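Topology and contacts: notes
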Amino acid sequence: MVSGGQVRSDASSLSTFGSNYTSIVEGLASSWKGSSFDSLNSQSQQIPSEFVSTIKSQMESFATACDLYEEYKENKTNLGIAQSNYNQAVSNNDSSAANSYASDVNTLTSKINTLKGQIESSLASAASSKLDATRISTKDFASGKTLSYGGTNGVIQGAIDWALAIATDDTHGYSQKTRWGNPNYDCSSLVISAYEAAGISVKDAGAGYTGNMRSAFTKMGFEWIPGNPDVSTLQPGDVLLSENSHTEMYIGDGMNVGAHGDRDGANGDSSGSEISVSKYYSHPWDGVLRYVGYDSTQGFA
């Protein structure tokens, strides 16, 4: 079993890693300029400390579990000795000694059961703070935007995951008065916010309602596919848009996620249907906005 001290020693070296990474990035400043480098340099000051802190927290919880396990093993050994002594005392008809060893057995058994719970709690704490390397979300600290995953497919999956999380959280319902997540959404703010959460600044580009989504989204890496689509032509992440009335997001397998309407006038979604997943339907839609990663009005950015 690895020791808690070894885990803590390894965790302490993470800070050095973070400092080295930041220094390497800063070292390019004299020879490499541009907005992309500036953004990377800004993030490099924040990202290592953010994730190092999370990883160190996980490792500290695991180290605690290691320490507790060492104590657990010691108590298990002592319990075996106490039980053997108790059996010997009973065999010798020494009631006084048997009673003393029986007390030791009970005390050690209680300690072992407590340690089991503490070990499990420490391991659960470590597991709850884990970072999934394939689904890591961070932040562009220059703009304050969340960056989920990475690349075109990552952005799309990030938007879908965010929208599904809102749809399953009934503290969020439908409203046009409190439509930017405080705590509710309407159809357009839900879709706009989903791609904002995935790192695409469509709101900053002017997206505010269905009537200006097409213009803003195509500036930020979406192409416009006109016409009411057949479901067989759709791809996950496609934004279904009726510019004068409604929008939803296609998530695959013949299903949409969207904000459909207020059912009771109250905050939240008591019915579970104000923001929800539903079967694709022909609205009809004016067209589809599909994320392709470049400005379709200007060519490749």
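Reference entry: report on the structure contained in this document. (Residues numbered from 1 in each chain as written. Predicted model: local features only at pLDDT ≥ 70, side-chain atom pairs only at ≥ 80, totals over all residues. Heavy atoms only, no water.)

Along the backbone of the chain there are six helices and eight strands. Listing each helix as α and each strand as β along the chain from the N terminus yields α-α-α-β-β-α-α-α-β-β-β-β-β-β. When each of the 301 residues of the chain is scored for burial, the buried share is 38%. Restricting the contact set of the chain to residue pairs at least 6 apart, pairs at least 24 apart contribute 62%. Total accessible area on the chain is roughly 15700 Å²; 49% of this is exposed by carbon and sulfur atoms. (Helix = DSSP H or I, 4+ residues; strand = E, 2+ residues; numbered from the N terminus. Buried < 20%, exposed > 50% of the residue type's maximum accessible area, 1.4 Å probe, protein only. Contact = heavy atoms within 4.5 Å. Areas by Shrake-Rupley, 256 points an atom, 1.4 Å probe, with all protein chains shown as cover.)

Turning our eyes to something else, we now look at helix H5 (residues 187-197). The buried fraction of H5 amounts to 11 of the 11 residues, a majority that puts the element mostly inside the structure. Restricting attention to buried positions, one finds in H5 the residues Cys 187, Ser 188, Ser 189, Leu 190, Val 191, Ile 192, Ser 193, Ala 194, Tyr 195, Glu 196 and Ala 197. A positive backbone phi angle near 100° is found at Gly 199, which sits one or two residues after H5.

Most of strand S5 (residues 246-252) is tucked away, with seven of its seven residues classed as buried. With four bridges joining them, strand S4 (residues 239-242) and S5 adopt antiparallel strand pairing. Bridging from a neighbouring strand, Ser 242 pairs with His 246 of S5. Counting the residues between successive antiparallel strands, the hairpin from S4 to S5 contains three residues. Pairing geometry for S5 and strand S6 (residues 255-259), over three bridges, is antiparallel. (Pairing = 2+ DSSP bridges.)

Bringing the sheet that holds S4 into the picture now. Taken in spatial order, the six strands line up as S3-S8-S4-S5-S6-S7 in an open sheet, and their pairing is antiparallel. Lying at the two open borders of the sheet, with one neighbouring strand each, are strand S3 (222-226) and strand S7 (275-279). When the angles between neighbouring strand axes are averaged without regard to direction, this sheet yields 30°. Here three bridges tie S4 to strand S8 (residues 287-291), and the two strands are oriented antiparallel to one another. Counted as the bridge partner of Leu 240 is Val 288 from S8. In this fold H5 packs onto S3, S4, S5, S6 and S7, with an angle of close to 45° to the strand it touches most, S5. Packing against the sheet, helix H6 (residues 210-219) makes contact with S3, S4, S5 and S8, and its axis sits at approximately 135° to S4. (Axes fitted to C-alpha atoms, helices over the stretch in contact; angles between N-to-C directions.)

A large share of S6 lies buried, amounting to four of its five residues. Here S5 folds back onto S6, and the loop between the two strands holds two residues, one of which, Asp 253, carries a positive phi near 55°. For S6 and S7, the ladder comprises five bridges, and the chain directions are antiparallel. Across the sheet, Met 255 pairs through a bridge with Lys 279, a residue of S7.

The geometry of an aromatic ring pair comes down to the distance between the two centres and the angle between the two planes. What the rule picks out here adds up to eight aromatic pairs. Measuring from ring centre to ring centre gives 5.9 Å for Tyr 69 and Tyr 72, while their planes differ by 20°; the resulting arrangement is stacked. With Tyr 69 and Tyr 72 both in helix H2 (residues 35-91), this residue pair falls three residues apart, about one helical turn. For Tyr 69, a relative accessible area of 29% corresponds to the partly exposed category. Pairwise contacts between aromatic rings join Tyr 195, Phe 217, Phe 222 and Tyr 291 into one cluster. Lying across the ring of Trp 180, Lys 203 places its NZ or CZ 3.8 Å from the centre. (Phe/Tyr/Trp six-rings, centres within 6.5 Å; stacked < 30°, edge-to-face > 60°. Lys NZ or Arg CZ within 6 Å of the ring centre and 35° of its normal.)

It is worth spelling out the side chain of Asn 184 at this point. Along the chain, the position of Asn 184 falls in the loop between helix H4 (151-167) and H5. In this structure Asn 184 comes out as buried when scored by relative accessible area, which is 1%. Within the structure, the side chain of Asn 184 is placed 2.7 Å from the side chain of Asn 267, a separation counted as a polar contact. The residues touching Asn 184, leaving out its near neighbours within four places in the chain, are Thr 171, His 172, Gly 173, Tyr 174, Ser 175, Thr 178, Arg 179, Asn 267 and Gly 268. (Polar contact = N/O pair within 3.5 Å; in protein donor to acceptor, adjacent residues only side chain to side chain.)

In this section: the environment of Glu 248. Mapped onto the elements, Glu 248 comes out in strand S5. Put simply, Glu 248 and Gly 258 are 10 residues apart on the chain and 4.7 Å apart in space, counted from C-alpha to C-alpha. In contact with Glu 248, other than residues within four places in its own chain, are Val 191, Asp 238, Val 239, Leu 240, Asn 256, Val 257, Gly 258, His 260, Ser 278, Tyr 281 and Trp 285. In terms of polar contacts, Glu 248 uses its side chain to reach the side chain of Asn 256, at 3.5 Å.

The next point concerns the nonpolar core. Counting 32 residues, the largest nonpolar core has Tyr 195, Val 202, Phe 217, Phe 222 and Val 239 as its most contacted members. Those elements that provide at least two residues to this core are H4, H5, H6, S3, S4, S5, S6 and S8. The element that contributes the greatest number of residues to this core is H4, accounting for seven residues. Not counting chain neighbours up to four residues away, the residues in contact with Tyr 195 comprise Val 155, Ile 156, Ala 159, Ile 200, Val 202, Phe 217, Phe 222, Gly 237, Val 239 and Met 249. (Core = buried A, V, L, I, M, F, W, Y, C linked by side-chain atoms within 4.5 Å.)

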